[in-house]
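Overview (structure and organization)
Below, each chain spelled out in residue letters.
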Amino acid sequence: MTTTRRGLITVVATAGAAVPLSACGGSQEPADPAEPVRVPAAEVPEGGGVVKDGVVVTQPSAGEYKAFDASCPHQGCAVDEVTTRAIICPCHGSEFDPRSGDMTKGPATEGLGERSVTVEGDDVVVSGA
C-alpha cells in the first residue's frame, strides 16, 4: 500500500480531531466537591501549600489550613505552585493569596473558589464549599 501526502494529512487530521485540546494547557478538572480529598497534614508545609487532586491546601500559620479549587478562573488551567506569598498559575502568570485565594495578579479577574477544610487525625480533609 502506498501512502500519499493527502492520505497522511487526512489520517493525521482525523486522529487529531479526537484529541481534546485546552486553550490554557495543563488544565485539570477540579475535584468533585461531593468527594472529599485527603491530604496528609505532614505534606502541607507551614507558610506554603500543596496541589493535589484538583485542590490547593495551604497552611498560612501552624495548624491553620485553607483549601481552594486548583482551577484558575482565567481559563481553567491548574495552578501548580504554592510559595509563601502566592499560589501561581503556570499558564498566564495569575497569582492568588494563599490565605484567602483572592487574586493578587492577573490576568485572572477573580480568586480561587474556597473549599471547606477539617482536620481528621493526621489528615487535612477538603470538601465542597
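Keep in mind the model is a prediction, meaning the values are calculated, not measured.

With respect to topology, six strands assemble into an open sheet ordered β1-β10-β9-β4-β3-β2, the strand pairing being antiparallel. With partners counted over all chains shown, the strands left at the sheet margins are β1 (37-40) and β2 (49-52), one partner each. Direction aside, neighbouring strands of the sheet carry axes that sit 25 degrees apart on average. As judged from the five bridges shared by strand β3 (residues 55-61) and strand β4 (residues 64-69), these two strands associate in the antiparallel manner. Paired with S61 across the strands is E64, a residue of β4.

So, on to the confidence of the model for the chain. Taken over all residues, the pLDDT of the chain has a mean of 80, while the share at 70 or more is 73%. Taken together, the stretch residues 5-31 has pLDDT below 50 and engages in 28 contacts with residues farther than four places along the chain or on a different chain.

In this structure, V56, F68, A70, C72, C77, V79, V82, I87, C89, F96, A108 and L112 together form the largest nonpolar core, which totals 12 residues. Beyond its immediate sequence surroundings of up to four residues, C89 is in contact with C72, C77, V79 and S94. Ranked by size, the runner-up nonpolar core spans 11 residues in total, among them V39, A41, Y65 and V126.

Right, let's talk about the sheet that holds strand β7 (residues 95-96) for a bit. Read from one edge to the other, the open sheet built from four strands follows the order β5-β6-β7-β8, with strand pairing classed as antiparallel. Since the sheet does not close on itself, it has two edges, and those belong to β5 (81-82) and β8 (103-105), each with one partner. Relative to strand β6 (residues 87-88), β5 is paired through two bridges, and the arrangement is antiparallel. Paired with V82 across the two strands is I87, which belongs to β6.

The rules behind these values
- Residues numbered from 1 in each chain as written.
- Predicted model: local features only at pLDDT ≥ 70, side-chain atom pairs only at ≥ 80, totals over all residues.
- Heavy atoms only, no water.
- Pairing = 2+ DSSP bridges.
- Helix = DSSP H or I, 4+ residues; strand = E, 2+ residues; numbered from the N terminus.
- Axes fitted to C-alpha atoms, helices over the stretch in contact; angles between N-to-C directions.
- pLDDT = per-residue confidence, 0-100.
- Contact = heavy atoms within 4.5 Å.
- Core = buried A, V, L, I, M, F, W, Y, C linked by side-chain atoms within 4.5 Å.
- Buried < 20%, exposed > 50% of the residue type's maximum accessible area, 1.4 Å probe, protein only.

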